Amino acid sequence: MLLQPIQEKIEIFDRMYKLLETVSDCEKGSLYEQLEELDLEILEDIDEEYADKLEFNEIEDALEEQPELEKVAPKKEAAKPANDEAILEELVKMGRVRNIAGSTFRDLGVKTQLGWNTVIGKYRVVRTSVFKYRYEVERI
C-alpha cells in the first residue's frame, strides 16, 4: 500500500488525465506539461520512500536519464478547416458552443472580426460577457 500523499497525487494525476478529453487543443499542451511534471514527482516520491524495499530498482536510473519527450505538433495547415464557417461547424460537432474565449477563435484560425452578434454563414457568434471576450455559437 502506498503512502496517503502518494495516493493523493496519483488521484490528482488521474483527474487531470481525464480532463484531456474535455479541454481545447490550445489547452492540451499546458496540461501535458503539468502531467509530465506530476508523473516525475510521483516516481521520485515512490523511489524516495520505497527504494530500500524495491528489488532491481530502475526508477532512479530512469529519473537521472529523463529522456527528452518528443513534442508532436499537428500540422496547422492540415488541422484547420479552410474557412470560418467550417471552423464553427467543427466546434458545433464537438459540442463546444458555450463559453468560448475570443483567443480560442483566433487560435483556431477564425479571421472574421467578432462583435456582439456576428453572423458567419449559417452560424451566429454571440458575445455573452461584458468584461471578458466570451462567446456562444448558435446555428441560424
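The preceding data block contains the structure.
What counts and what doesn't
- As a convention, each chain's residues are numbered from 1 in the sequence order in which they are written.
- This being a predicted model, a pLDDT of at least 70 is required before a residue's local features are given, and a value of 80 or more before pairs of side-chain atoms are given or counted; all residues contribute to the totals for chains, interfaces and linings.
- Neither water nor hydrogens contribute to the side-chain values; these are computed over all heavy atoms in the structure.
- When DSSP finds two or more bridges between a pair of strands, those strands are recorded as paired.
- Segments assigned H or I by DSSP are reported as helices when at least four residues long, segments assigned E as strands when at least two residues long, and all are numbered from the N terminus.
- Any pair of residues with heavy atoms lying within 4.5 Å of one another is described as a contacting pair.
- The convention used is that axes are lines fitted to C-alpha atoms, helices contributing only their stretch in contact, and that angles between N-to-C directions extend from 0 to 180 degrees.
- Residues forming no salt bridge and having over 30% relative accessible area are the ones grouped into patches, like charges within 9 Å of each other and nonpolar side chains (Val, Leu, Ile, Met, Phe, Trp, Tyr) within 5 Å.
- Reported accessibility uses the Shrake-Rupley method at a 1.4 Å probe radius. Residues are deemed covered only where the shown protein chains occlude them.
- For this document, the term salt bridge refers to a Lys or Arg side-chain nitrogen within 4 Å of an Asp or Glu carboxyl oxygen.
- In this charge count, Lys and Arg are treated as positive and Asp and Glu as negative; neither His nor the chain ends contribute.
- In this description, the location of a charge corresponds to atom NZ of lysine, CZ of arginine, CG of aspartate or CD of glutamate.
- Think of it in three bands: residues with accessible area under 20% of the maximum for their type are buried, residues over 50% are exposed, and the middle band is partly exposed, with areas taken using a 1.4 Å probe on protein chains only.
- Within 6.5 Å between ring centres, the rings of Phe, Tyr and Trp (the latter by its six-membered ring) count as paired, and their orientation is classed by plane angle as stacked under 30 degrees, edge-to-face over 60, tilted in between.
- In this scheme, Lys NZ or Arg CZ marks a charge over a ring once it lies within 6 Å of the ring centre and within 35 degrees of the ring normal.

(A) View of the sheet that holds strand S3 (residues 123-127). Taken in spatial order, the 4 strands make up an open sheet running S1-S4-S3-S2, and their pairing is antiparallel. Taken across any chain shown, the strands that pair with only one partner, and hence form the sheet edges, are strand S1 (100-101) and strand S2 (117-120). Where S1 meets strand S4 (residues 134-139), 2 bridges bridge the pair, whose relative direction is antiparallel. The residue bridging Ile 100 from the neighbouring strand is Tyr 135, located in S4. Sheet contacts for helix H5 (residues 84-94): S1, S2, S3 and S4; angle to S3, the most-contacted strand, approximately 75 degrees.

(B) Main features of a negative patch on the surface. Judged by side-chain charge, Glu 33, Glu 36, Glu 37 and Asp 39 come together as a negatively charged surface patch. Locating Glu 36 in the fold gives a position in helix H2 (residues 25-50). The class of Glu 36 is partly exposed, set by a relative accessible area of 32%.

(C) Molecular detail of the packing of aromatic side chains. In this structure the tally under the stated criterion is 2 aromatic pairs. Between Phe 105 and Tyr 135, the ring centres sit 5.7 Å apart and the planes meet at 85 degrees, which makes this aromatic pair edge-to-face. Placement of Phe 105 in helix H6 (residues 102-108) and of Tyr 135 in strand S4 is noted, with a sequence separation of 30 residues between them. When the ring centre of Trp 116 is taken as reference, the NZ or CZ atom of Arg 127 above it lies at 4.5 Å. Here Arg 127 stacks its cationic end above the ring of Tyr 133, 4.1 Å away from the centre of that ring.

Distances and angles like these do not, on their own, reveal function.
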